[in-house]
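Chains, contacts and geometry: an overview
Spelled out from the first residue to the last, the chains are:
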Amino acid sequence: MALSDRVAAIFEQIFGVNAADFSPNTVPEDVLRWDSLGHMNLVMNLEDTFDIHFEVDEITELSSGRKIMEILQAKGVTD
């Protein structure tokens with residue numbers, strides 16, 4: 001499964017949005033439940049799913065679908 005599909009599935013699980021609506025351009029303003037609590041749920045789910053750990057500065061940078069995938073790839077997560 002492609003990385004974008006895996007992240008989209010997490011968005012569907014956490015935020016209740018259709019995975020097909022996820023894109024690199026998805027930002028918090030597009031997702032009703034992507035508030036501060038939702039963001040932390042997203043962070044924890046990404047860490048668990050991909051067996052990684054985000055630094056504090058990375059957590060604040062997870063501000064779009066594109067940025068999430070870039071940071072995951074920088075941590076060695078691949079398709």
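Now for a quick tour of the structure. (Residues numbered from 1 in each chain as written. Predicted model: local features only at pLDDT ≥ 70, side-chain atom pairs only at ≥ 80, totals over all residues. Heavy atoms only, no water.)

A word on unusual backbone geometry
Of note in the backbone geometry, D51 takes a positive phi value of approximately 55° without being a glycine. You can call D51 exposed: its relative accessible area is 72%. (Buried < 20%, exposed > 50% of the residue type's maximum accessible area, 1.4 Å probe, protein only.)

Here's the deal with the packing of aromatic side chains
Per the stated rule, a full pass over the model turns up 4 aromatic pairs. An angle of 80° between the planes, with centres 5.2 Å apart, marks the rings of F11 and W34 as edge-to-face. Taken together, the residues F11 in helix 1 (residues 3-15) and W34 in the loop between helix 1 and helix 2 (36-50) connect sequence positions 23 residues apart. Each member of the pair F11 and W34 is classed as buried. Put simply, the rings of F11, F15, F22 and W34 touch in pairs and so form one group of aromatic residues. (Phe/Tyr/Trp six-rings, centres within 6.5 Å; stacked < 30°, edge-to-face > 60°. Helix = DSSP H or I, 4+ residues; strand = E, 2+ residues; numbered from the N terminus.)

Digging into the packing of helix 1 against helix 4 (residues 65-74)
Packed helices, taken two at a time, are described by the angle their axes make and the gap between the axes. With their axes 11 Å apart at the nearest point, helix 1 and helix 4 run at an angle of 120° to one another. The angle between helix 1 and helix 4 falls in the class oblique. Taken as a pair, helix 1 and helix 4 cross one another with a handedness that is right-handed. Packed against helix 1, whose contacting residues are L3, S4, V7 and F11, the element helix 4 presents I68, M69, L72 and Q73 at the interface. Considering only residue class, the contact of helix 1 with helix 4 consists of 6 nonpolar, 2 polar and no charged. (Axes fitted to C-alpha atoms, helices over the stretch in contact; angles between N-to-C directions. Parallel < 35°, antiparallel > 145°, perpendicular 65-115°, else oblique. Left-handed = near helix turned anticlockwise from the far one by under 90°. Contact = heavy atoms within 4.5 Å. Nonpolar A, V, L, I, M, F, W, Y, C, P; charged D, E, K, R; others polar.)

In short, the description is geometric, and any link to function would need to be established separately.
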